[in-house]
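# Residue-level structural notes
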Amino acid sequence: MKSVLKSITLSMLALGMMSSALAAAELRFTVWTGNEAHLAMLNGIAESFRETHPDVTVRFETIPAGDYTQKLTFQLAGGNPPDAGWMMEDAASTFANAGVLEDLAPTLNAAEGYDLADFSEPAMGLWGADGKVWGVPFSTSPFVIFYNKDMFDKAGLEDPLALAAKGEWDMETFQEVAKALAEATGKWGFEFKDGQGYDTRIMHALMPPIRAYGGDVWANQECGFDKPEAIAAVQQLHDMTFKDKSIVPPGENGDYFSGNSAMTINQISRASLMPDAGFNWGIAPLPTGPGGEAPVIGQAAIVVFTAGRQKELAAAFVAHMTNEANVAKMAQFFPPARNSVLSSEAFTASNNLIPAEQMEVVGNAIANGKVLPSHERSPQLLAAMKPRVDALWRADANVEESLKTVCAAIQPLL
Amino acid sequence: MTARDERAPWLTLKMREAMEAWLFISPTLAGFLIFFVGPLCAVVWYSLTEWNLLSQQSVFVGLDNYDDALFHNLDFWQVVRNSIVFAIGLVPLNMALALALALALSRRFAGVVFFRTVFFAPVVTSAVAWAIVWKFLLQGEAGFVNQMLAGIGIHGPNWLREPDWAMVAVIVTRVIKMVGLNMILYIAALQAIPRDYEAAARLEGASNWQIFRMITWPLLGPTTLVIMVITTIGSFKVFDHIYLMTGGGPENGTLVLAFYIYQQGFQFFDVGYASALAMIMFVIVMGLTVVQLALRRRDT
C-alpha cells in the first residue's frame, strides 16, 4: 500500500513539474551589444514583461556586430532560429525579401495603448509595406561629427558646434578646418567612421558628403555615383585625403578616440567611449553642402523570425518592448523613432554624457534625416562596389572615371 | 571441431578474418563516409541547384552554375589567376627557404634548438594574431616596415592598399608563418641520410655543392614531393590569412578561390553557386596533385 501511495505521489509531482515547464517559456533574443549597461536595461524591460506574462523569461544572446547578420543566417539555415532579435538596416531588405521576417502589424495594432502611427514615417520606411510591419526601429541614430575640442583650441579654431550655430558649418569650411587642424597639430583632421571608411564602411564614408551635395548613391533603381553631385562630393574627399592630407588615408591609423584625429563621423552610441578618451569633446551636425542640410541616419530594428517556434509570444514581447514607456527608457542609448519620445524634454536630458543642446542636434537630425540606403541585394552591391572604390582611393585616381566604373558594376544589380 | 566452427560452420577462416577486419575499421570508415564522402556528394548535388541559404529555397538548375562560373563570370577568372599567382609565389619561396633553413639547422651546434624553435614558432601562432600584427606592421607611411625601409633610404609602398604589393605582402607573410613546418620535414629527411655517403664523397674530393647536388638533393626527392604537394594544396585552400589581412582587396587583387567561395556562400547566401566553385577548385587541386605525382614518377 505504502509503495502504491509513493508511486502516486511521485507521478503527481512529475506531472506538476511537467505542466509548469509547459507553461513557462523562454524567448531567445539576439543582440549585438555586450555592453553591461545596455544589457541591464534590456533585462529590465524583459522583467517588466513578466507583469503580463509571469512565466516568460527572455534570454538576450550577444553576437558581435561584425558577424551578426552572418551568424543569424546560419542559425536560420540550421533550423535553430532565435525567437526575435535586432537587425541592421542594410540587412532589412534582404531578410524581408527572403520571407523570414514575421509580419508584426496584427500584434502591434491589437496591443493596448500601442500607437503604431507614433513612429515617424521615414523611420518606418525600410521596415514595412502594404500595411505589413517586418520590424520596429529601436535605434534611429543619425551620423554626427565628433570633435576633439582640445585640438580645435590648440589650432585656435572655432569648433563645429559654434560654426553650426552661426550657419557657417558647410562642406567648404569642413575642408578648411580639417586642413588647418592637420597643419597646426601634426595629427589628422578627420577620420572616417571607426577608421573603416575604405573597407567595411564605404557607404558611411561616401554617403553623408554625397547627400550634402544633393546627390544619392542610388535611387529608383538608378546608380547615382556618376552624377555631378556625387562626383563633386567624392572629389572633395579625395582632395582632402591626398592634396590637403587632412583625412586619414588608406592604410594608415588615425584613431579619433585615441586623440590622433581632430574629427570623426559616428553615432551617439560611441559617446560611451568618450569618458576614457582623455580630452574635451563635443558633437555637431554634419556639414551642410550645396544640397542643404542632409542628415544621414543609421538604423536598427527589432524583428521576429517566421521560423521561430514562439512567434506570437515574441511579437507580444516586441509590442511591449517598443511601447512608449520602454522606447523612452531605451532612448538613453538608442535614439528613438517615436515622435512622442523624440519631442519630449526627457529625450534631450536622457544621455548623461551629451549636453542637452548637443542632444538637440541628434533630435533635429532624426526628424529631418534620411536613412542609409538598403537593397535586397546589399551584400552583392557592396562586393561589386568594393574593388572599384578601392581604385578610387589612389593618389593619382581619376575620381569621375572611378565612379563611372562603380556605376557600371552595380547598375545590373540595382 | 571447435566450438566456434559449430556455431558458424559456413564461415571459412578467411571470411571470418575479413569480417573482423571490417569490424575493426568500421568506426573510421563510418566517420569517413559521414564526414567526408557524404558532404562531398552533397556538394556535388548542391552545385546543380540554385539554393538560397536564407530563404531555404532550392531549384534544380543542372550545369548552369558551372556554365556561369566558367564562361560568363569575369571575376571568376581573375580569382583563379590570383590563386595561381599566390601558389606560384608561395610554393617555391616556401620550399627554398625551408630547405635553406633545414640545411643550416640540421647539424648539431650550440643554440640549434633555439633557432629551430624560433622558425617553427609562427606555425603554432594563432593565424588571427599573426595577421593582425602584420597588418599593423604593414601600414602605409607610419608602418613599422616602411619606417625601417625609410631608415635605409627606401620609400616603401602602401603594402596592403596596392593590389600587386598586397599580393606580395600576403605571400611573404604566409611563407614566414608556414615555412617552419616544411623546415622540420626537411630536417627529418636530412637527418635520415646516412653520413657515410657524405664522408665517401669527401674522400673522393667532392665539393659541398657537388655533395648537395649529387647526394643530398636526390635523396630528399620523396620528401620534396610530399612538401610540394601539401604546400600547393595549402596555397589553394588559403582563406584565413586573406580574410584577415586584405579581405580579398584592394581592387580584388588578393581575392583567391577559397575566399571567393566563402563570399558567394556565406555573404551572398548563394550556396549552389559556391558549391559549383568548390567543385571546380577540387578539380584544379586534384589535377595539380596528379601532375606533380606523374612528374615525380617520370623523373625516377
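It should be noted that the structure appears before, not after, this text.
Predicted, not measured: the structure shown is a model, and the values here were computed from it. (Residues numbered from 1 in each chain as written. Chains lettered and ligands numbered in written order. Predicted model: local features only at pLDDT ≥ 70, side-chain atom pairs only at ≥ 80, totals over all residues. Heavy atoms only, no water.)

This next bit is on the environment of B:Tyr243. Residue and element names in this part refer to chain B. In this structure, Tyr243 sits in helix α12 (residues 240-245). We classify Tyr243 as partly exposed; its relative accessible area is 35%. Sequence-wise, Tyr243 and Val128 are 115 residues apart; in three dimensions their C-alpha atoms are separated by 9.7 Å. Excluding its chain neighbours within four sequence positions, the residues that come into contact with Tyr243 are Phe259 and Tyr262. (Helix = DSSP H or I, 4+ residues; strand = E, 2+ residues; numbered from the N terminus. Buried < 20%, exposed > 50% of the residue type's maximum accessible area, 1.4 Å probe, protein only. Contact = heavy atoms within 4.5 Å.)

Applying the stated criterion across every chain yields a total of 26 salt bridges over all chains. When the shortest N-O distance is used, the salt bridge between A:Arg50 and A:Glu47 registers 3.8 Å. With relative accessibility at 30%, the residue A:Arg50 sits in the partly exposed group. Taking the shortest distance from any N to any O, the salt bridge between B:Arg107 and B:Glu198 comes out at 3.8 Å. Taken together, the positions of B:Arg107 in the loop between α4 (74-105) and α5 (112-124) and B:Glu198 in helix α9 (residues 195-203) put the pair 91 residues apart, joining distant regions of the chain. Here the residues in one salt-bridge network are A:Glu26, A:Arg28, A:Arg59 and A:Glu61, joined through shared partners. (Salt bridge = Lys/Arg side-chain N within 4 Å of Asp/Glu carboxyl O.)

Residues and elements named next belong to chain A. Read across the sheet, four strands follow the order β8-β11-β7-β12 without closing on themselves; strand pairing throughout is mixed. Lying at the two open borders of the sheet, with one neighbouring strand each, are β8 (188-191) and β12 (281-284). For this sheet, the mean inter-axis angle between neighbouring strands, taken without regard to orientation, is 20°. As paired strands, β8 and strand β11 (residues 261-266) are joined by three bridges and run parallel to one another. Note that in β11 the partner of Phe190 across the bridge is Met263. Contacting β8 and β11, helix α9 (residues 171-185) runs over the sheet at an angle of about 140° to β11. (Pairing = 2+ DSSP bridges. Axes fitted to C-alpha atoms, helices over the stretch in contact; angles between N-to-C directions.)

A word on the packing of aromatic side chains. In total, this model carries 40 aromatic pairs over all chains according to the counting rule given. Ring geometry for A:Trp32 against A:Tyr68: centres 4.9 Å apart, planes inclined by 80°, an arrangement best described as edge-to-face. Placement of the pair is A:Trp32 in the loop between β1 (25-31) and α2 (36-49) and A:Tyr68 in helix α3 (residues 68-77), with a sequence separation of 36 residues. On the basis of relative accessibility, which here comes to 21%, the residue A:Trp32 falls in the partly exposed class. Residue classification places A:Tyr68 among the buried residues on the basis of a relative accessible area of 1%. For the ring pair B:Tyr243 and B:Phe259, a centre distance of 6.0 Å and an interplane angle of 45° mean the geometry is tilted. (Phe/Tyr/Trp six-rings, centres within 6.5 Å; stacked < 30°, edge-to-face > 60°.)

Tracing the chain through its elements places A:Phe74 in helix α3. The contacts of A:Phe74, once residues within four sequence positions are left out, are B:Leu53 and B:Phe266.

The subject of this paragraph is the packing of helix α17 (residues 378-392) of chain A against helix α18 (residues 399-410) of chain A. Residues and elements named next belong to chain A. Relative to each other, α17 and α18 sit at 165°, their axes nearing to 9 Å. Here α18 runs roughly antiparallel to α17, going by the angle between their axes. Helix-helix and strand crossings are classified by hand; for α17 and α18 the assignment is right-handed. Of the residues in α18, those in contact with Leu381, Ala384, Met385, Arg388, Val389, Ala391 and Leu392 of α17 are Val399, Ser402, Leu403, Thr405, Val406, Ala409 and Ile410. Taken together, the residues of the contact of α17 with α18 sort by class into 11 nonpolar, two polar and one charged. (Parallel < 35°, antiparallel > 145°, perpendicular 65-115°, else oblique. Left-handed = near helix turned anticlockwise from the far one by under 90°. Nonpolar A, V, L, I, M, F, W, Y, C, P; charged D, E, K, R; others polar.)

Purely geometric numbers; function is a separate question.
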